[in-house]
Amino acid sequence: MSRTRVTVLISGTGSNLAALLADSRRPDAAYEVVAVVADVDAPGLEHARRAGLPTAVVRLTDHPDRAAWDRALAAEVARHDPQLVVLAGFMRLVGAPLLEAHPGRLLNTHPALLPSFPGAHAVRDALAHGVKVTGATVIEVDAGVDTGRILAQRAVEVAEDDTEESLHERIKQVERELLPATVDTLARRLGATP
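Quick look at the structure, then. Here, residues in each chain are numbered from 1, in the same order as that chain's written sequence. In view of the model being predicted, local features appear only for residues whose pLDDT reaches at least 70, and side-chain atom pairs are presented and counted only at 80 or more, with totals across whole chains, interfaces and linings using the full set of residues. Computation of side-chain values covers all heavy atoms of the structure but excludes hydrogens and water.

### Considering the environment of alanine 136
Numbering of helices and strands runs from the N terminus, with a helix taken as a DSSP run of H or I at least four residues long and a strand as a DSSP run of E at least two residues long. In this structure, alanine 136 sits in strand 6 (residues 133–140). By relative accessible area, alanine 136 is classed as buried at 0%. C-alpha separation for the pair alanine 136 and threonine 4, spaced 132 residues apart in sequence, amounts to 24 Å. Any two residues whose heavy atoms approach within 4.5 Å are treated as being in contact. With near-sequence residues (within four places) excluded, alanine 136 lies in contact with His110, Ala112, Leu113, Ala152, Gln153, Arg154, Ile171, Val174, Glu175 and Leu178. Accessibility here uses a 1.4 Å probe with only protein chains present; expressed as a share of the type maximum, an area under 20% marks a residue as buried, one over 50% as exposed, and anything in between as partly exposed.

Structural data, given as structure tokens:
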């Protein structure tokens with residue numbers, strides 16, 4: 001039986017990508033990663049290369065404007081015919097071409113319990129507000145900034161001596177479990193289980 005085809009978008013080291021790849025190797029996994037696309041020469045692309053997956057870099061600077069980049073990104077993702085698209089540490093907002101091509105099938109992970117602390121500095125913002133609990137959220141991507149439908153969440157307690165780095169590392173550990181589990185659940189709902 002076929003597995004749900006997943007294309008992953010990254011910008012950084014690819015720790016969530018590595019977790020997705022490891023989880024997809026389970027005999028009963030409902031999905032497979034078929035390609036990895038980055039917006040920069042991300043070190044995380046090495047995870048994909050070692051797994052023998054096709055990779056691509058679609059740089060904003062290689063296009064005349066944001067609209068052209070949005071179209072190029074959507075075209076590159078479409079080349080791999082995914083059923084789900086997962087933003088795993090992808091640090092750019094995606095535009096209408098990608099959103100319209102995959103309605104309800106774009107996921108993102110965020111290092112906070114949304115709707116609290118959206119945006120690029122969620123961990124710093126949580127510490128600055130003095131919260132005692134934060135966490136990780138997987139959402140359905142929409143046109144806003146971390147405003148999509150919440151698919152899954154898991155809490156992480158904030159320790160008295162936490163720094164931004166120590167708290168973020170604990171949140172990343174949770175994300176590396178929550179994201180693959182959520183992708184697998186959605187893949188099963190799509191009906192493409194092995």
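### A closer look at the pattern of salt bridges
Whenever Lys or Arg places a side-chain nitrogen within 4 Å of a carboxyl oxygen from Asp or Glu, that contact is recorded as a salt bridge. Throughout the structure, instances matching the rule amount to 16 salt bridges. The partner of arginine 79 in a salt bridge is glutamate 76, with the nearest N and O atoms 3.1 Å apart. Its salt-bridge partner being glutamate 164, residue arginine 124 comes within 3.5 Å of it at the nearest N-O pair. Taken together, the residues arginine 124 in helix 5 (residues 122–129) and glutamate 164 in helix 6 (residues 164–189) connect sequence positions 40 residues apart.

### As for the packing of aromatic side chains
Here the aromatic set is Phe, Tyr and Trp, taking the six-membered ring for Trp, and pairing holds for ring centres within 6.5 Å; pairs whose planes are under 30 degrees apart are stacked, those over 60 apart are edge-to-face, and all others are tilted. All told, the structure shown has 1 aromatic pair when counted by the stated rule. With a centroid separation of 6.4 Å and an interplanar angle of 5°, the aromatic rings of tryptophan 69 and phenylalanine 90 are classed as stacked. Here tryptophan 69, found in helix 3 (residues 66–78), pairs with phenylalanine 90, found in the loop between strand 4 (84–87) and helix 4 (96–101); they are 21 residues apart in sequence, far enough to count as distant. Here the two residues tryptophan 69 and phenylalanine 90 agree in accessibility, since each one is buried.

### Details of the nonpolar core
Side-chain atoms within 4.5 Å are what join buried Ala, Val, Leu, Ile, Met, Phe, Trp, Tyr and Cys residues into a set we call a nonpolar core. Within the largest apolar cluster, 33 residues are counted, with the highest numbers of intra-cluster contacts made by Val8, Ile10, Leu20, Val33, Val36 and Val183. If you tally residues by element for this core, the top one is helix 6, at 8 residues. With near-sequence residues (within four places) excluded, isoleucine 10 lies in contact with Leu17, Val36, Val37, Ala38, Asp39, Ala42, Gly44, Leu45, Ala88, Gly89 and Phe90. Counting 15 residues, the second-largest nonpolar core is a separate cluster that includes Leu9, Leu73, Ala74 and Val77.

### Details of helix 5
One full turn of an α-helix is made of 3.6 residues, so residues set three or four places apart face in the same direction. Listed as buried for helix 5 are Ala122, Val123 and Ala126. In a view along the axis of helix 5, the buried residues occupy a sector of 100°, so they form one face of it. Throughout, the arc means the angular range of directions from the helix axis out to the C-beta atoms.

### Re the packing of helix 5 against helix 6
Fitting a line to C-alpha atoms yields each axis, with helices limited to the stretch in contact; the angle taken between N-to-C directions then spans 0 to 180 degrees. It is the contact of helix 5 with helix 6, at a shortest axis distance of 9 Å, that shows an interaxial angle of 120°. Of the possible angle classes, the one that applies to helix 5 and helix 6 is oblique. For helix 5 against helix 6, the interelement crossing comes out right-handed. On the side of helix 5, the interface is formed by Val123, Arg124 and Leu127, while helix 6 contributes Glu164, Leu167, His168 and Ile171. Classifying every residue of the contact of helix 5 with helix 6 by side-chain character gives 4 nonpolar, 1 polar and 2 charged. Small angles under 35 degrees read as roughly parallel and large ones over 145 as roughly antiparallel, with 65 to 115 read as roughly perpendicular and the rest as oblique. By definition, any crossing whose near helix is turned counterclockwise from its far helix by less than a right angle is left-handed, and any crossing with a clockwise turn is right-handed. Under the grouping applied here, Gly and all other residues not named as nonpolar or charged are polar, the nonpolar ones being Ala, Val, Leu, Ile, Met, Phe, Trp, Tyr, Cys and Pro and the charged ones Asp, Glu, Lys and Arg.

### Details of the pairing of strand 4
Residue alternation in strand 4 divides its side chains into two sets, Leu84 and Val86 and Val85 and Leu87, and both sets are buried. Strand pairing is assigned whenever DSSP detects at least two bridges linking the two strands. Taken together, the 4 bridges between strand 1 (residues 4–10) and strand 4 define a ladder with parallel strand orientation. Across the sheet, residue valine 8 finds its bridge partner in strand 4, namely valine 86. Here strand 4 runs beside strand 5 (residues 106–110); their pairing, made up of 3 bridges, is parallel. Across the sheet, valine 86 pairs through a bridge with leucine 107, a residue of strand 5. Assignment of crossover handedness uses the view with strands pointing away from the viewer, where a clockwise path from the first strand over the helix to the second indicates a right-handed crossover. Between strand 4 and its parallel partner strand 5, the chain crosses via helix 4, and the hand of that crossover is right-handed.

### Concerning the pairing of strand 6
Most of strand 6 sits inside the fold, with 7 of its 8 residues counted as buried. Two strands pair when backbone bridges link them, and strand 5 and strand 6 are joined in this way by 4 bridges, in the antiparallel orientation. Residue pairing for strand 6: histidine 110 is matched across the bridge by threonine 137. Sheet topology note: the strand 6/strand 7 (residues 150–157) ladder contains 7 bridges and is antiparallel.

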